[in-house]
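Examining the three-dimensional arrangement
Okay, here's what each chain looks like letter by letter:
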Amino acid sequence: MRVEIARHAFDKLGYLAGTDEDRLTDLTDAFLDPDVRAIFATKGGKGSYRLAHRLPFEAISQDPKPLIGFSDITCLQLALYRECHNHCIHGALTNYPDDSLSEIAAQSLQSVLFDDGPVSVVAEPSIPSAVLTTTGKATGCLLGGSLTMIASSAGWALPSMIGAILPIESDGIAIGQFERDLTMLVRAGHFDGIAGVAIGHVSRTPPNPPITAEEILRRNLDDFDVPILGGLPIGHHPDANSVILGADTMIDADAGILTQYVSKAYARSR
């Protein structure tokens, strides 16, 4: 297997990794190159929403391949599923400052890309969102990611969530913004029809007693009356597991496990 680095991968423009045109060119070239089998976003992807509506979705659908990333990349991943049902991988968060994957994160990503059999992620009671776990099982297509980017995608890049398992994670969002994003998504009906919720790391949202991020999630999600599995090691964390957006998924809140079933053929070299 060979690794290629895009021509503009190290560009900078303010808080962005280069101009829109150069970033779009790199991304499009990778999607349309038949020898490329997976695309890695090395950072969170600030400004990815500026590109999501300009991707050549019809051409991408002829040779689907996963876009691997996290955080703001969620917008691109949701748009790719909405327009051409392209599977993507949420994960592969690098450690700072050395920008390397931890052993746990690397093993999870490798398993998602190459191992035969289902993908499993086990909830951890020590993760604060574990308190939100309810009971029951649910199956559906896994669609979601970064809460802020789900909200930013609503109305144009967010696919239908009917029958979906909704993964939610976040990092560094003030509690007021956290509640605004979640309230808008719920009240506007974007989560209507979801089959279940999978909650990962909800990090660095300082509580304003008695209000916490977990209390806001509980208050907004309880009315859906679907199984909720919290405490999943996905999201903004050096040891984050990888999960496949767009894949058939089952959550078992009683057993504390998320399981996915998908062909890995997209990642194998031609």
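What you see is a predicted model; the values in this text were computed from it and never measured.

**As for a nonpolar patch on the surface**
A cluster of nonpolar residues, Val 3, Ile 5 and Phe 10, forms a patch on the protein surface that exposes about 410 Å² of accessible area. Locating Ile 5 in the fold gives a position in the segment before α1 (20-32).

**Things to note about the pairing of strand β11 (residues 248-252)**
As defined by bridge partners, strand β5 (residues 137-142) adjoins β11 across five bridges and the pair is classed as antiparallel. Opposite Gly 140, over in β11, you have Thr 249 as the bridge partner. In terms of strand pairing, β11 meets strand β12 (residues 257-261) through five bridges, oriented antiparallel. Residue pairing across strands places Ile 251 opposite Leu 258, the latter belonging to β12. If you look at the hairpin formed by β11 and β12, you'll find four residues sitting between the two strands, and Gly 256 has a positive phi there, around 70°.

**Brief notes about the pattern of salt bridges**
Under the defined criterion, the tally for this structure stands at 11 salt bridges. In this structure, Arg 54 and Glu 21 form a salt bridge, with 2.7 Å as the shortest nitrogen-oxygen distance. Placement of Arg 54 in the loop between β1 (39-40) and α2 (57-62) and of Glu 21 in helix α1 is noted, with a sequence separation of 33 residues between them. If you follow the salt bridges from partner to partner, you end up with Asp 20, Arg 23 and Arg 50 in one network.

Definitions and limits used
- Residues numbered from 1 in each chain as written.
- Predicted model: local features only at pLDDT ≥ 70, side-chain atom pairs only at ≥ 80, totals over all residues.
- Heavy atoms only, no water.
- Patch = residues over 30% accessible without salt bridge, like charges linked within 9 Å, V, L, I, M, F, W, Y side chains within 5 Å.
- Areas by Shrake-Rupley, 256 points an atom, 1.4 Å probe, with all protein chains shown as cover.
- Salt bridge = Lys/Arg side-chain N within 4 Å of Asp/Glu carboxyl O.
- Helix = DSSP H or I, 4+ residues; strand = E, 2+ residues; numbered from the N terminus.
- Pairing = 2+ DSSP bridges.

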